[in-house]
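# Examination of the molecular architecture
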Number of protein chains: 2
Amino acid sequence: MSLRHALLGLLSERPASGYDLLKRFETSLANAWPATQSQMYTELSKLADNGLISVSTQGPRGRKEYALTDEGLAELRHWLTEIKPQRHTRSDILLRVFFLNVITPDQARSYLTELMELSEQEHEALRRLADSIDWGDDPLSVNGKIALEYGLRFNTMRRKWAAWAADQIR
Amino acid sequence: MSLRHALLGLLSERPASGYDLLKRFETSLANAWPATQSQMYTELSKLADNGLISVSTQGPRGRKEYALTDEGLAELRHWLTEIKPQRHTRSDILLRVFFLNVITPDQARSYLTELMELSEQEHEALRRLADSIDWGDDPLSVNGKIALEYGLRFNTMRRKWAAWAADQIR
DNA sequence: TTTCGACATGTCAAAACAGGAACGTCAGCA
DNA sequence: TGCTGACGTTCCTGTTTTGACATGTCGAAA
């Protein structure tokens, strides 16, 4: 249900086509809310039907640029301020931990070691991403930095936890 | 897709009915993989159809106790060792952060403050849960402790991050 | 001029997810 | 005896998500 708000949010920056949004997703929101191409086009149609966005420009190749309407902005603000965030937290990574006793201690340790490496890699990827962006003082950069910092801290936490956990398994 | 494995995992401990599994979910796996009642019964039927579990006992009130079959155990082990975990990480909490510039700084700070409180509450809830369980040295307890420790560390990380983030917003 | 990669959208079927209504049973207790 | 609360399953409706397939356009380079 949040995909709709993710799209509204991206469009609040500037008008964009489905294709544009797809690209921007990959480099920013994908970490918070993965979505596929088909989902996005479907959702854009629905949003347009409901009057939360509207086609602002038609370009070549059937390109349709959408812009946020007043109702769309109102809905976005409403979501940001009124709707209580709810933890979804589906994590197949954590889920496996509950059943590590089903495999051998060696296999379990190996799983946790891989998690350490995964966390390290993701941390590294985020660090590189941060380096590749020239941050300004604009509000958008502040948001981006905050979200990115979350990723960094999360991966650090997970790496240390996995190391600790591997040590718990005798 | 992991719900199936969550059920296999729970059944690897001991046979149980849908109702039992529902209860056990609430007190353990719900943090890693929330699922509703209808989903679970549907999945149990499918697992039985596929021969990964089987009805071991019929009890009163139409109670059907399922037990893991050899194929089920094999599938569980396969999932634990061969299938690469993939980060899903859908988080409407993090998603909102990208769009905090759409609302006023006061509102944004207020959002982050609420996150701090939420993290604190969840941390506290987990701590209480930990106290309420009498941990043994058995493998299951080890797993449970590891998963719980993850929750504690995660909430601590998130609380500190939210505090830091609130401070970033001028 | 052909070809190729990036641009750009749309449709479909299947699975997963959510929430609840509907139905019935059993044990204990007032 | 009748009530209540816990036990226990099934079905239904609707939305969300996934992944694949289908279709076509444009610009640039070979």
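Being a predicted model, the structure only gives us computed values, none of them experimental. Once a new chain begins, its residue numbering starts again from 1 and follows that chain's sequence as written. For naming, the first written chain is A and the first written ligand is 1, with later ones following in the order written. In view of the model being predicted, local features appear only for residues whose pLDDT reaches at least 70, and side-chain atom pairs are presented and counted only at 80 or more, with totals across whole chains, interfaces and linings using the full set of residues. Side-chain figures throughout are based on the complete set of non-hydrogen atoms in the structure, without hydrogens or water.

## So, the overall build of chain A
In terms of regular secondary structure, chain A is built from 7 helices and 2 strands. Since a compact globule built from 170 residues should have a radius of gyration of about 15 Å, the 20 Å found for chain A marks it as more spread out than a globular shape. Overall, the C-alpha framework of chain A stretches about 60 × 35 × 35 Å when taken along its three principal axes. A buried classification covers 42% of the 170 residues belonging to chain A. Residue contacts are defined here by distance: any two heavy atoms, one from each residue, within 4.5 Å place the two residues in contact. In chain A, 55% of the contacts between residues at least 6 apart in sequence involve partners at least 24 apart. For chain A, the exposed area adds up to about 8700 Å²; of that, 51% sits on carbon and sulfur atoms. Counted charges follow a simple rule, with Lys and Arg positive, Asp and Glu negative, and His plus the chain ends left uncounted. Charge coordinates come from a single atom per side chain, which is NZ of Lys, CZ of Arg, CG of Asp or CD of Glu. Taking the average location of the 22 positive side-chain charges in chain A and that of its 23 negative ones, the two points are 3 Å from each other. Starting at the N terminus, helices and strands are each numbered in turn, a helix being any DSSP run of H or I of at least four residues and a strand any DSSP run of E of at least two. Throughout, radius of gyration means the C-alpha value; the globule benchmark is 2.2 Å times the number of residues raised to the power 0.38. The classification of residues rests on relative accessible area computed with a 1.4 Å probe and restricted to protein chains. Under 20% of the type maximum is buried, over 50% is exposed, and intermediate values are partly exposed. Only the protein chains shown count as cover for residues, and all accessible areas are computed by the Shrake-Rupley method using a 1.4 Å probe.

## Focus: the packing of aromatic side chains
In this analysis, rings of Phe, Tyr and Trp, with Trp reduced to its six-membered ring, are considered paired at centre separations within 6.5 Å, and the interplanar angle assigns stacked below 30 degrees, edge-to-face beyond 60, and tilted for intermediate values. What the rule picks out here adds up to 7 aromatic pairs over all chains. Ring plane angle 85° and centroid distance 6.1 Å describe the contact between Phe154(A) and Phe154(B), whose orientation is recorded as edge-to-face. Placement of the pair is Phe154(A) in helix H7 (residues 139-168) and Phe154(B) in helix H7 (residues 139-168), with the two residues belonging to separate chains. When its relative accessible area of 11% is taken as the criterion, Phe154(A) is described as buried. Here the aromatic rings of Tyr150(B) and Phe154(B) are separated by 6.4 Å at their centres, their planes lie at 5°, and the arrangement is stacked. Here Tyr150(B) pairs with Phe154(B), and both are found in helix H7, just 4 residues apart, close to one helical turn. For the pair Tyr150(B) and Phe154(B), one class covers both residues: buried. In textbook terms, an aromatic cluster arises when at least three aromatic residues are bridged by ring pairs, as seen for Tyr150(A), Phe154(A), Trp161(A), Tyr150(B), Phe154(B) and Trp161(B). In our convention, an over-ring charge means Lys NZ or Arg CZ found within 6 Å of a ring centre and within 35 degrees of that ring's normal. For Arg90(A), the ring lying beneath its charged end belongs to Trp33(B), and the centroid distance is 5.5 Å.

## Remarks on the domain arrangement of chain A
The domains assigned to chain A are domain 1 (3-81) and domain 2 (92-168). For the domains described, the bounds stem from an automatic or database domain assignment. The straight-line distance from the C-alpha centre of domain 1 of chain A to that of domain 2 of chain A is 29 Å.

## Some remarks on the interface of chain B and chain A
Each side of the interface is counted separately: chain B has 63 residues, and chain A has 62 residues. Between chain B and chain A the total buried area reaches about 6400 Å² when both faces are included, carbon and sulfur atoms providing 70% of it. By convention in these notes, a salt bridge is any Lys or Arg side-chain nitrogen within 4 Å of a carboxyl oxygen on Asp or Glu. Remark: the boundary between chain B and chain A carries 2 salt bridges. Its salt-bridge partner being Glu114(B), residue Lys84(A) comes within 3.2 Å of it at the nearest N-O pair. Each of two parts loses accessible area, computed with a 1.4 Å probe, when they are put together; buried area is these two losses added.

## Things to note about the sheet that holds strand S2 (residues 53-58) of chain B
All names here are of chain B. In this description, strands pair whenever DSSP reports at least two bridges between them. Within the open sheet, the 3 strands sit side by side as S1-S3-S2. Their pairing is antiparallel. Since the sheet does not close on itself, it has two edges, and those belong to strand S1 (16-17) and S2, each with one partner. Pairing of S2 with strand S3 (residues 64-68), which is carried by 5 bridges, proceeds in the antiparallel orientation. Paired with Val55 across the bridge in S3 is Tyr66.

## A closer look at the pattern of salt bridges
All names here are of chain A. Scanning all chains against the criterion turns up 28 salt bridges over all chains. Across the salt bridge formed by Asp20 and Arg63, the nearest N and O atoms sit 2.6 Å from each other. One end of the pair, Asp20, is in helix H2 (residues 18-27); the other, Arg63, is in the loop between strand S1 (53-58) and strand S2 (64-68), with 43 residues separating them in the sequence. Arg63 gets classed as partly exposed once you look at its relative accessible area, which sits at 29%. Between Arg127 and Asp131 there is a salt bridge, and its shortest N-O distance comes to 3.1 Å.

## Describing the pairing of S3(B)
One face of the sheet, then the other: side chains in a regular strand alternate in exactly this way. Residues and elements named next belong to chain B. Looking at chain direction, S1 and S3 are connected through 2 bridges and run antiparallel. In the strand pairing of S3, Ser17 is matched with Glu65. Joining the antiparallel neighbours S2 and S3 is a turn of 5 residues, in which Arg61 adopts a positive phi near 60°.

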